[in-house]
Amino acid sequence: MTSPIFHVSKRVLSTGKLNKRLITEKLKKLHENISKQSKYHLGYPYNLNQNNGDLRPFMDFFLNNLGDAYAQSNYKINTQELEREVIEIFINMWGGNKQILKSTDLSESESESEPPEQPNEPIWGAITSCGTEGNLLGILYGREACESTGSPVTLISSTESHYSISKACRMYKIPYIQIKSQIQNGEIDYNELEMKIKNIILKQGGSIIIVVNVGSTVIGAHDNLNKIINILKNNKIPKSKYYIHIDAALSGLLLPLIHEAKSYHFGFDLGADSIAVSGHKQLGTPIPCGVICTKKQHMERWAAGTPSEADYVNTQDSTISGSRSGFAALALWYALQTQGTDGLELDARICIAKAEYLRSRLEHQCGSKSNPIRYNPFSTTVVFKRPSQKIELKYQLATTRDIAHIVVTPSVSKQLLDEFVDEYEEDVMNQIEK
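Given the structure is predicted, the values throughout are model-derived calculations rather than measurements. (Residues numbered from 1 in each chain as written. Predicted model: local features only at pLDDT ≥ 70, side-chain atom pairs only at ≥ 80, totals over all residues. Heavy atoms only, no water.)

Concerning the overall build of the chain
Quick note on the threshold: In DSSP terms, a helix is any run of H or I states spanning at least four residues, a strand is any run of E spanning at least two, and both are numbered starting from the N terminus. Only protein chains enter the accessibility calculation, which uses a 1.4 Å probe; a residue whose area is less than 20% of its type maximum is buried, one above 50% is exposed, and one in between is partly exposed. Contact between two residues is taken to exist if any of their heavy atoms lie within 4.5 Å; hydrogens are not considered. Every accessible area reported is derived by Shrake-Rupley at a probe size of 1.4 Å, with residue values counting cover from the shown protein chains alone.
Along the backbone of the chain there are 11 helices and 13 strands. Buried positions account for 48% of the 434 residues belonging to the chain. Relative to all contacts within the chain whose residues are 6 or more apart in sequence, the contacts with residues 24 or more apart total 70%. Accessible surface, the chain as shown: approximately 22700 Å² in total, 53% of it carbon and sulfur.

Here we look at the pattern of salt bridges
The cut-off we apply is this: Salt bridges, as used here, are contacts in which a Lys or Arg side-chain nitrogen is within 4 Å of a carboxyl oxygen on Asp or Glu.
All chains considered together, the criterion is met by 16 salt bridges. The partner of Arg349 in a salt bridge is Glu260, with the nearest N and O atoms 2.8 Å apart. Of the two residues, Arg349 sits in helix α9 (residues 326-365) while Glu260 sits in the loop between β7 (242-247) and β8 (274-278), which places them 89 residues apart along the sequence. With relative accessibility at 31%, the residue Arg349 sits in the partly exposed group. You can call Glu260 partly exposed: its relative accessible area is 46%. Among the ionic contacts, a cluster of salt bridges with common partners joins Glu121, Lys239, Asp273 and Lys295.

Brief notes about helix α8 (residues 296-303)
Formally: Taking the helix axis as origin, the arc is that swept by the directions to the C-beta atoms.
Residues of α8 that are buried: His298, Met299 and Ala303. Each buried residue of α8 lies within a common arc of 130° when the element is viewed along its axis, so the set occupies one face.

Comments concerning the nonpolar core
Let me state the cut-off plainly: Residues belong to a common nonpolar core when they are buried Ala, Val, Leu, Ile, Met, Phe, Trp, Tyr or Cys residues joined through side-chain atoms within 4.5 Å.
Ranked by internal contacts, the top residues of the largest apolar core, which has 77 residues, are Ile246, Leu362 and Phe420. Apart from residues lying up to four places away in sequence, Leu362 is in contact with Gly367, Ile373, Val382, Phe384, Phe420, Val421 and Tyr424. Listed in part, the 23 residues of the second largest apolar core include Ile165, Tyr243, Met299 and Ala303.

Regarding the sheet that holds strand β4 (residues 153-158)
Spelled out, the test is: Two strands are counted as paired when DSSP detects at least two bridges linking them. The angle between two axes is taken between their N-to-C directions and runs from 0 to 180 degrees, where each axis is a line fitted to C-alpha atoms and a helix contributes only its stretch in contact.
Spatially, the seven strands line up as an open sheet ordered β3-β9-β8-β7-β6-β4-β5, and their pairing is mixed. The open sheet has two free edges, formed respectively by β3 (123-128) and β5 (176-179), since each of these has just one partner strand. Averaged over all pairs of adjacent strands, the angle between strand axes in this sheet comes to 20°, irrespective of strand direction. Here β4 runs beside β5; their pairing, made up of four bridges, is parallel. In the sheet register, Leu155 faces β5, and the bridge partner there is Tyr176. Sheet strands touched by helix α2 (residues 80-93): β3, β8 and β9 (290-295). Its angle to β3, the strand with the most contacts, is close to 120°.

Overview of the sheet that holds strand β12 (residues 398-400)
Pairing within the open sheet is antiparallel, and its four strands lie in the order β10-β11-β13-β12. Looking at strand neighbours, the two that pair on one side only are β10 (374-375) and β12, the edges of this open sheet.

A short note on unusual backbone geometry
Unusually for a residue other than glycine, Lys173 sits at a positive phi of about 55°. Summarising the element assignment, Lys173 is placed in the loop between α5 (163-172) and β5. Of note, Lys236 is a non-glycine position whose phi angle comes to about 55°, a positive value. With respect to the helices and strands, the residue Lys236 is situated in the loop between α7 (225-234) and β7.

With respect to the pairing of β8
Side-chain direction in a regular strand flips from residue to residue, so the side chains alternate between the two faces of the sheet. With five of its five residues buried, β8 lies for the most part within the structure. In the sheet, β7 pairs with β8 via three bridges, with the strands oriented parallel. Bridge assignment links His245 to a residue of β8, and that residue is Ser274.

A short note on the packing of helix α4 (residues 131-147) against α8
Put simply, the rule is: Roughly parallel refers to an angle under 35 degrees, roughly antiparallel to one over 145, roughly perpendicular to one between 65 and 115, and oblique to any angle outside these ranges. Only Asp, Glu, Lys and Arg are considered charged in this grouping, and only Ala, Val, Leu, Ile, Met, Phe, Trp, Tyr, Cys and Pro are considered nonpolar; every other residue, Gly among them, is considered polar.
Close contact between α4 and α8 brings their axes to 9 Å; oriented N to C, the two are set at 80°. Classified by the angle between their axes, α4 and α8 sit roughly perpendicular to one another. Listed contacts from α8 to Leu140, Tyr141, Arg143, Glu144 and Ala145 of α4 are His298, Met299, Arg301 and Trp302. For the contact of α4 with α8, a count of residues per class yields five nonpolar, one polar and three charged.

Some points on the packing of aromatic side chains
Going by this rule: Under the pairing criterion, centres of Phe, Tyr and Trp rings, with the six-membered ring standing for Trp, must be within 6.5 Å; the plane angle then separates stacked pairs below 30 degrees from edge-to-face pairs above 60, leaving the rest tilted. Placement of a charge over a ring requires the Lys NZ or Arg CZ to be within 6 Å of the ring centre, with the centre-to-atom vector within 35 degrees of the ring normal.
Enumeration over the complete set of coordinates arrives at 10 aromatic pairs. Centre to centre, the rings of Tyr395 and Phe420 are 5.2 Å apart; their planes meet at 85°, and the pair counts as edge-to-face. Pair noted here: Tyr395 is in helix α10 (residues 389-395) and Phe420 is in helix α11 (residues 414-433), with a separation of 25 residues, a long-range link. Like Phe420, Tyr395 is buried. Aromatic ring contacts, followed pair by pair, group Tyr40, Phe384, Tyr395, Phe420 and Tyr424 into a single cluster. Note that Lys239 overlies the ring of Tyr242, its terminal NZ or CZ placed 4.4 Å from the centroid. Seen from the ring of Tyr357, Lys414 lies directly overhead, with NZ or CZ sitting 4.4 Å from the centre.

Laid out in C-alpha cells, this is it:
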C-alpha cells in the first residue's frame, strides 16, 4: 500500500476554537508562501497583478447573485446591476449589438422611407465561476437547440480543445468527434471538418455543435470562424442544423482588441451562438470567474424547463449554478472600469509583444530541430521542449508529454522572462551533456 502524497493530521478541526496565535501563525506562513510563489509564475494563464484595495470592504458581505442576472429574486444583497453592466461590455465587444444590413442595394428613396438596418438577435449573459462553466453552459444550450430539431446531435472540435469540451460531452452524453489540428499553427483541419459536416448532416441527417478555439490551452491556437462559416454556407447547411460555441477562455480579451488580428476575429455578428471567456486570465481578478453570452433564444429554450420547485428564488433557471458569486461580478466590473478599452488593448499588445520577445530569445539561444520553439500570431503562448523538473517546479510551468509552455499575462515581466531563458539555456545544455 502506497503512502499518500500529502499527509493530513487526524484532527483537522479542534473541539474548540483554534488558538488565535496559531491561526495568525498559519495565515502568516500561507501569505509568505503565496508571496514567494507569485514571483516565479510563468506556466499558467493567470494575471497575478492584483490591486483590489477598493473591494476589501465588500468582503464583509455575502454577495449572492442568485439565479438569473436579469430576473431579480427577493435576495437583495447582490451585485446584479454591475453584473448586467459587465455582460453588456462583453456583448458589445463580441458584436452582439452591431447592426446588420437588410439589403445591400437599397435605393435612396427606400433608404429614406425604411431604416436600412435592424438589430441583431437579443443577447443574454451571465457571470460564471470559470471558463469551464461557460463551456458547459454553452454546450448545454447547443444540445437543446440541436435536439429541438428532432435530429441527433454530435459535437465537433479540434484535438487542441480544452478538456472541458470532452467533459461536457460525457456529462450530456453527446457523441464527440475530435478533428486533427494543423501541424504548423494548431488550427482545426478545415478539410477534415468539412468532410465530417457533410457526413453527419447531409448523409446521416444529424446536427452538430462546433466548438471554435480562441486561444487553445497548450499552444494558444486560434481557429478561424470565418472559414468555418464559409464551409457551412458553401455546403448549404441550414442554420437549424448547427450551433457554434466559441471557447475564448484565453484570448477572448485579446483578439477583439487587436485590429491586425481581424482574420481571427469572432462574434455574434460573425456567426457565433455562444461565447465563453475567463475573467481571471488576461483581465485578472482575485478569484476564478468567467462570462458566458449567448443568443437569448438559446437560454430561453433551456429556461422554459425551470422546475416548479425552483419558484422560491423568483427567477428563471437559466444557469448551471443557483447561487452565483456577487463578488466575482464586482471584481470583473472593477477591473474593466479601472482599465477601460484603451487599457485592455494596451495590455493585450504588451503581452503579445513580450511573447514574441520570448520566442525570439528562445529560438536564438535554445532553438533546434530537437527543440522547435512554437508560437502562433497574436498569441501569448510560447511552446518549447520540456525542461528538467527543477525548472518546471521553480517557474510553475504547465507541461504535457515532452513539451512545456509559458503564457505571458500582464503580470509577467520581461526581467522574469530573461531570467527564465538564461536558466533554461543552461538546463538544455546540461541535458545534452548527459
